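Chains, contacts and geometry: an overview
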Amino acid sequence: MKELSLPDYTYTCFDFLGPNNYGDTRCWIALYPMQKISHKEAYQFFVNLGAQPEAGRQAGYSLREALPNVAIKAATSKDVVRILSENKPGIVRLNKELRSYYKYSPGKQAAEWDRFYEEGVIALTSFSLPIGDLSRYESWEELQKASGFTATQVPAELWSLWFFKNAHAGDLVFAARGLNTCIGVGIVESDYYYETVTDGFCHRRRVKWLTNRSYHFLSGTLKGRKTLFRSDIFGPVKDAAFLVEQYKELSGDWQKIFGTTGLAKKSSYTGKMESIPVTNLEEIAMDYEREGNLSFWWLNANPKIWSISGCHEGQTQIYTTHNERGNKRRVYKYFEEVKPGDLLIGYESTPAKQVKAILEVTKGLHTQEGIGEVIEFQIAEIFEYPVHWNDLKSIPALKNCEVFINNQGSLFSLTEEEFDMIREVVDEKNISAEKVWENNEIRPYSFARDPDKPFMNPEEFRQITSLLTRKKNVILQGPPGVGKTFLAKKIAYEMMGETNDLCIEMVQFHQSYSYEDFIQGVRPSANGSFELKDGIFHAFCQRAKAHPEKNYFFIIDEINRGNLSKIFGELMMLIETDKRGWDLKLTYAEEEDERFSVPENLYLIGTMNTVDRSLAIVDYALRRRFAFVSLQPDLNESFRTFLEEKGLSQSLTEHIIRQVASLNKEIREDVSLGEGFQIGHSYFCTYRPGEDENNWWQEIVNFELKPLLEELWFDDPHKYRQMLRRLEWNKI
């Protein structure tokens, strides 16, 4: 491949070893394009090694109406390179003209299908890969190098992008939901192009969708196949001919539609090669790639040994059949039964207790030097939003599932129905999150460049972010209307460097809020029974644990309005900076190993109105765990600019700033009031451009500020009327 300069080709071979070649005196090597699912789907650079070595062109066994096989005698390896080099243009061209068949997932769990069908496109994202426009890369090697991954670390996402870029106009695309449902078929109409869009789906091809009818594959419909597609985003389809036939049966007019695509078009290549008949060795080796029936498994990953969260899609892992003491794992016979192609539910045990991935076995039981007996698998898919153990255990249909009866062990057998049910639960959770993602416009964020930043000194803002980074828990306290909640989200954006609301959760405490709402509790289910359900903070911690490379922010509005000791429970210790990552048994834990921890990458931001004198003082034990930041109304130049840009006149703007500042001074100096009762600037941020500013101001004074002042000086009517007169303004 190196001497022929075929960087995007791979090879397969039929060697002298093993039972498949028992008694044969020949072997062969076939070079073929990487984007083909196997050598059987391509025209090959073929070398036949035997008593009379030959080199030339070999038509893959699966090709219909293929050109005749051609071979030329080769006495030496130099002859082989020369013969193949001379005929390289023809073979490369033939492969480019061959139609390829691809599976495409339109967003996670097909969440983008309706949109892409309407737009007539297929599109991929590459959020986690700093590679940009794929047109810049001439070969797989260049793309791999740009991604920063080594040959042993290539993620499945990168392979999908490479296949996507190298697909040709005329190739057939099957849109997929999950592993067994085809939801549409289309023909690629354009070359690859890169388009800057806000949702990240920058890598694009135009497609003529032929149908959006769905076909659901049932196990046993095709011999030896339990799933129709692999779990990659975009990649070759092995059973394209089978799918085409199924769609012909689905629709009476499909033959007419299908016929217009030219799928039966013969190659236009007519180049000549010196021809010597050669036996089609593909027929001899067609059993080389036998497939058995798929089996399904559940694999426990102990995060103290290896963590699924620390892996990436496409990475290969091994799992030993004996524990650290050299004893066989329970149940050892399952390790003996595992075979290539089998699918495993990747579950990370305590403390995570989450289903995090789908794994695909690449090698069954074998021995690795220095390690011993192992099975090998590839990380086929990592879930953006893992599913917790409790979410699955409460499903009645899984009550007889082996892993839920006794989870003491490493590898458990699953029925196909159990696997599909677990997969469906995971899909539903991720589809829901995907819908939220659609409406979540993520942009780079910097406080310094934010035109809608809080009215705050930049140095004070930096001090708060620095404090939160160190302490991990802060409470923003101050008068109503100073923008505490608004500021909390801006702090999160600044620390993330982007406006990603999926990494932010917000609740508001009140007197009825409980530990069961916040952490965990027993709740009634739809069928009338009671189930252990996770609270909002517990679930958010699990999400943060699943993505340790990201920062997550939990905002508690009106934090002092709840019974904090009751709501926080064990969290009183776990949220401490030096206790992050500690495991503790929760109140409702059913088993000894059910532990909970607050991850390092989760930050707590509380907001509190200091005007609430009727509320109890914040628990001193909790106070020690938070840093408290006092905020004051800041009617600065930024505030002035904001009002003027809204369209308020300079006269009214000056009046607001001067009189509110004067009022706040009176409030601060009043011994019965103080700083916590000042008037915040958010009262004055509601003006809409084009609105009558005089009417707007009168409404604020009469219905918002007047009742407030009346309450502040309820025992001094003269002072109240005096303060109210200061707010009067007549438009000149």
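An account of the accompanying structure is given in this report. Predicted model, so just to flag it, every value in this text is computed and none were measured.

1. Considerations on the overall build of the protein
Per the secondary structure count, the protein includes 23 helices and 28 strands. Intrachain contacts of the protein at a sequence separation of at least 6 include 67% that bridge at least 24 residues. Surface exposure of the protein reaches about 35,100 Å², of which carbon and sulfur atoms provide 49%.

2. Here's the deal with the nonpolar core
Among the nonpolar cores identified, the biggest contains 55 residues, and Phe509, Phe518, Phe537 and Phe568 are the most heavily contacted of them. The biggest single contributor to this core is helix H14 (residues 484–496), with seven residues. With near-sequence residues (within four places) excluded, Phe568 lies in contact with Phe509, Tyr515, Phe518, Ile556, Ile575 and Leu622.

3. Concerning the side chain of Arg57
Tracing the sequence through the fold places Arg57 in strand S4 (residues 54–59). The side chain of Arg57 sits in the buried core without any salt bridge; Glu97 is the nearest counter-charge, 10 Å away. A polar contact of 2.6 Å, which involves the side chain of Arg57, links it to the backbone oxygen of Pro68.

4. Some details on unusual backbone geometry
Here the amide bond leading from Arg330 into Val331 is cis, since omega sits at -10°, within 30 degrees of zero. Tracing the chain through its elements places Val331 in the loop between strand S15 (316–320) and helix H9 (332–337). With a phi angle near 55°, Ser5 is a residue other than glycine that sits in the positive phi range. Note on placement: Ser5 falls in the segment before strand S1 (9–14). Phi at Glu558 takes a positive value of approximately 55°, unusual for a residue other than glycine. Looking at the secondary structure, you find Glu558 in the loop between strand S24 (552–557) and helix H17 (564–568). Among the residues examined, Glu558 registers a relative accessible area of 14% and is labelled buried.

5. Points about the pattern of salt bridges
Following the criterion strictly, the structure yields 26 salt bridges and no others. Notably, a salt bridge pairs Glu119 with Arg115, separated by 3.9 Å at the nearest N-O pair. One end of the pair, Glu119, and the other, Arg115, are both in helix H3 (residues 113–119), four residues apart, so they sit about a helical turn from each other. Of the residues examined, Arg115 reaches a relative accessible area of 29% and is grouped as partly exposed. A salt bridge links Glu600 to Lys472, with the nearest nitrogen and oxygen atoms 3.7 Å apart. A residue pair is termed long-range when its members are at least 10 positions apart, and Glu600 in the loop between strand S26 (595–596) and strand S27 (602–609) and Lys472 in the loop between helix H13 (458–471) and strand S20 (473–478) qualify at 128 residues. Of the residues examined, Glu600 reaches a relative accessible area of 45% and is grouped as partly exposed. Connected through salt bridges with shared partners, the residues Glu112, Arg115, Glu119, Asp199 and Arg204 form a single ionic network.

6. Looking at the sheet that holds strand S14 (residues 296–301)
The strand order across the open sheet built from six strands is S15-S18-S17-S16-S14-S19, with neighbouring strands paired in mixed fashion. Strands with a single pairing partner mark the edges of an open sheet, and in this sheet they are S15 and strand S19 (411–414). The average undirected angle you get between the axes of adjacent strands in this sheet is 35°. Contacts from helix H16 (residues 536–546) reach strand S17 (354–368) and strand S18 (372–388) within the one sheet, and its direction differs from that of S17 by about 40°.

7. Observations concerning the pairing of S17
Bridging between strand S16 (residues 343–348) and S17 involves six bridges; their strand directions are antiparallel. Bridge pairing links Gly346 to Ala357 in S17. Summarising the sheet, S17 and S18 pair through 11 bridges and their orientation is antiparallel. Across the sheet, Gln368 pairs through a bridge with Gly372, a residue of S18.

8. Topic: a negative patch on the surface
Residues Glu417, Asp420, Glu424 and Glu428 make up a contiguous surface patch of negative charge. Among the structural elements, Glu428 can be located in helix H12 (residues 416–438). Judged by relative accessible area, Glu428 falls into the partly exposed class, the value being 48%.

9. Some thoughts on a nonpolar patch on the surface
A contiguous nonpolar patch, built from Met1, Tyr11, Ile29 and Leu49 and spanning about 340 Å² of accessible area, is present on the exposed surface. Among the secondary structure elements, Met1 is positioned in the segment before S1.

10. Describing the side chain of Ser190
Structurally, Ser190 can be placed in the loop between strand S9 (181–188) and strand S10 (193–194). Owing to a relative accessible area of 4%, Ser190 belongs among the buried residues under this scheme. Within the structure, Ser190 has its side chain in polar contact with the backbone nitrogen of Arg206 (distance 2.8 Å). When near neighbours in sequence (up to four residues on either side) are disregarded, Ser190 contacts Arg205 and Arg206.

11. Description of H14
Its 13 residues place the ends of H14 19 Å apart at the C-alpha level, agreeing with the 18 Å of an ideal helix rising 1.5 Å per residue. All of the buried residues in H14 are Lys484, Leu487, Ala488, Lys490, Ile491, Ala492, Tyr493, Met495 and Met496. Phi turns positive one or two residues past the end of H14, at Gly497, with a value near 80°.

12. Points about the packing of aromatic side chains
The tally for this structure, following the rule as stated, stands at 45 aromatic pairs. When the centroid spacing of 5.4 Å and the interplanar angle of 65° are considered together, the rings of Phe455 and Phe642 count as edge-to-face. Here the residue Phe455 occupies a position in the loop between H12 and H13, and Phe642 occupies one in helix H20 (residues 637–646), the gap between them amounting to 187 residues. Ring centres of Tyr687 and Trp696 lie 5.4 Å apart, and the angle between their planes is 75°; on these two criteria the pair is classed as edge-to-face. Taking the relative accessible area as the measure of exposure, Tyr687 reaches 4% and is therefore buried. Taking the relative accessible area as the measure of exposure, Trp696 reaches 4% and is therefore buried. Feature note: the residues Phe509, Tyr513, Phe518, Phe537, Phe540, Tyr552, Phe554 and Phe568 constitute an aromatic cluster, connected by ring pairs. In this structure, Lys328 packs its charged tip against the face of Tyr332, placed 4.3 Å from the ring centre.

13. So, the environment of Arg204
Tracing the chain through its elements places Arg204 in strand S11 (residues 203–211). With residues up to four places along the chain from it excluded, the contact list for Arg204 reads Arg115, Phe116, Glu119, Val121, Ile122, Ala123, Phe164, Asp191, Tyr192, Tyr193, Glu195 and Val197. Only 2.9 Å separates the side chain of Arg204 from the backbone oxygen of Phe201, close enough to count as a polar contact.

Rules used throughout
Residues numbered from 1 in each chain as written. Predicted model: local features only at pLDDT ≥ 70, side-chain atom pairs only at ≥ 80, totals over all residues. Heavy atoms only, no water. Helix = DSSP H or I, 4+ residues; strand = E, 2+ residues; numbered from the N terminus. Contact = heavy atoms within 4.5 Å. Areas by Shrake-Rupley, 256 points an atom, 1.4 Å probe, with all protein chains shown as cover. Core = buried A, V, L, I, M, F, W, Y, C linked by side-chain atoms within 4.5 Å. Buried < 20%, exposed > 50% of the residue type's maximum accessible area, 1.4 Å probe, protein only. Lys, Arg positive; Asp, Glu negative; His and termini not counted. Salt bridge = Lys/Arg side-chain N within 4 Å of Asp/Glu carboxyl O. Polar contact = N/O pair within 3.5 Å; in protein donor to acceptor, adjacent residues only side chain to side chain. Pairing = 2+ DSSP bridges. Axes fitted to C-alpha atoms, helices over the stretch in contact; angles between N-to-C directions. Patch = residues over 30% accessible without salt bridge, like charges linked within 9 Å, V, L, I, M, F, W, Y side chains within 5 Å. Charge placed at Lys NZ, Arg CZ, Asp CG, Glu CD. Expected span 1.5 Å × (residues − 1). Phe/Tyr/Trp six-rings, centres within 6.5 Å; stacked < 30°, edge-to-face > 60°. Lys NZ or Arg CZ within 6 Å of the ring centre and 35° of its normal.

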